[in-house]
Each structure stands twice: as C-alpha cells, then as structure tokens.
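A closer look at the structure
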Amino acid sequence: MTSPTTLKTSTEPPLVSAVHWTRAQWLLLMVVCTVLALDGLDVSMVGVALPSIGQELNLGTDSLQWIVSAYVLGYGSLLLLGGRLADLLGRRRIFLIALTVFAAASLLGGLVDDPAILIATRFIKGLAAAFTAPTGFSIITTNFAEGRERNKALFIFTTFGASGFSLGLVVGGLMTSLSWRWTFLVSVPIAVVVASWA
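Remember, it's a predicted structure, so these values are computed and weren't measured experimentally.

Some points on helix α2 (residues 61-89)
Under the 1.5 Å per step criterion, the end-to-end length of α2 is 40 Å for 29 residues, consistent within 8% with the ideal 42 Å. When we look at burial in α2, the residues that qualify are Leu 64, Ile 67, Ala 70, Tyr 71, Gly 74, Gly 82, Gly 83 and Ala 86. The secondary structure elements touched by the buried residues of α2 are α1 (23-57), α3 (91-111) and α4 (115-143). Gly 90, located one to two residues past α2, shows a positive phi value of around 110°.

Quick notes on the packing of α1 against α4
One way to put it is that α1 packs onto α4 with a least axis distance of 10 Å and a crossing angle of 160°. In terms of orientation, α1 lies roughly antiparallel with respect to α4. Relative to α4, α1 is oriented so that their crossing is left-handed. Packed against α1, whose contacting residues are Gln 25, Leu 28, Leu 29, Val 32, Val 35, Leu 36, Asp 39, Asp 42, Val 43, Val 46, Ile 53 and Leu 57, the element α4 presents Leu 118, Arg 122, Lys 125, Ala 129, Thr 132, Ala 133, Gly 136, Ile 139, Ile 140 and Asn 143 at the interface. Its residues placed into classes, the contact of α1 with α4 shows 14 nonpolar, 4 polar and 4 charged.

Some thoughts on the pattern of salt bridges
Overall, the coordinates contain 5 salt bridges when judged by the stated rule. Arg 122 is paired through a salt bridge with Asp 42; the nearest N and O atoms lie 2.5 Å apart. In this pair, Arg 122 sits in helix α4 while Asp 42 sits in helix α1, placing the two residues 80 residues apart along the sequence. Here the two residues Arg 122 and Asp 42 agree in accessibility, since each one is buried. Bridged by salt links that share partners, the residues Asp 42, Arg 122 and Lys 125 form one connected network.

The rules behind these values
- Residue indices begin from 1 for each chain and proceed along its sequence in written order.
- Only residues with pLDDT of at least 70 are given local features in this predicted model, and only at 80 or more are side-chain atom pairs given and counted; all residues enter the totals for whole chains, interfaces and linings.
- As a rule here, side-chain values come from all non-hydrogen atoms in the structure, and water together with hydrogens is ignored.
- Segments assigned H or I by DSSP are reported as helices when at least four residues long, segments assigned E as strands when at least two residues long, and all are numbered from the N terminus.
- A helix is expected to reach a length of 1.5 Å times the quantity of its residues less one.
- Per-residue accessibility, obtained with a 1.4 Å probe over protein chains only, is compared with the maximum for each type, and a residue is labelled buried under 20%, exposed over 50%, and partly exposed between these values.
- Any pair of residues with heavy atoms lying within 4.5 Å of one another is described as a contacting pair.
- Lines fitted to the C-alpha atoms define the axes, with helices restricted to the stretch that makes contact. Angles between their N-to-C directions range from 0 to 180 degrees.
- Should an angle fall under 35 degrees it is taken as roughly parallel, and over 145 as roughly antiparallel, whereas 65 to 115 is taken as roughly perpendicular and any remaining angle as oblique.
- The sense of a crossing depends on the near helix, which, turned anticlockwise from the far helix by less than a right angle, makes the crossing left-handed and, turned clockwise, makes it right-handed.
- Note on residue classes: Ala, Val, Leu, Ile, Met, Phe, Trp, Tyr, Cys and Pro are nonpolar, Asp, Glu, Lys and Arg are charged, and everything else, Gly too, is polar.
- Here, a salt bridge means any side-chain nitrogen of Lys or Arg that lies within 4 Å of a carboxyl oxygen of Asp or Glu.

Take a look at the structure:
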C-alpha cells in the first residue's frame, strides 16, 4: 500500500544565504553608509556641545536652539529635491558636491566666532545632508539587485545612520572636553577621506 505522504524536494533557495558582492560594491556601500553615519553623528554631537557653545559665545537659549533648528530646516527644505536632482544630474556628482559642501561648512563652523555665521553653517550642512542622504539611498537601489541583495544593503545603510546618531552622543562628549569646535572640525577629515574613496 502506498503511503499518502509523499516527500517533496524543494527547489527554492534557503531563507538565509550569503550575499556575494564585488569589492567595488562593498566600497560603494561603505562610502554611502559612512556619509549617512556622519550626518547622524553631526546632529547629536552638536546637541552635546550646545552648553559649551553658549558659554563661549555668550548665546542665550533662543540662539542655541537655532543652531539645532537651522540644520533641520535646511535638511527638510530640500530633501525631496535632493533625490530628484541626483537622478537628473548624476548621483555620484551630486553626492560628491554635497559632501564637499558639508566638509567646507564644518570647517567654517569650527573656526568662526560669529553666532550668525555659525547658524548659517548649520543650515548649509543641513542642505548638504538633504542631498547626500537620498542620493546615497538611490545609489544603493541602482547598484544592488532587487531582493535579498538590496535588502541587506539597505539594512546596513539604515543601521549606519542610527549608529552614527547614537555614537555622536559619546564622541560629542569627548570632542567637547577638548573644545566645542572639534564637534564641527572632526567631520572634515572623515569627509575628505570618504570623498577620496568615491
């Protein structure tokens, strides 16, 4: 008598399998992930440094709030446009230009004593991040195959962003112990190195 239970041989791939990327893909992923982490790092570091900034530059609570709000305002105002321009003008070009602007604004912000210029540099950094973040996302979606490969890349991308924000609380404390200016200046060499990789 034949058993009603029949064995089926599955031809489907296992749920968990290794994703094989080329060296160029790994480097590309590390570039966009590092820049996203740098954005998060910058936001949280400056938050830690606000009391020191206020004390040295004699700023009140309203002015200190603008140092934070200017970045958010710049970021939110061009976020959608950033992704669109990257599609039209070239993702790599827009990414590198925005990263260069971010580094230049970081350098200027770490050197100035004028509160108005400091707030302006924060706004400019927000504008730059509004281009690097969506462009980085777009670079991943166009360079990694749809499915498991892309999902893993996006998971790493978002993890770097969250980790950068959390790490900024620690790094911000260390930098502020030297000078609040280092919470701005520390981004410059990182951005330069990442730009050279790209």
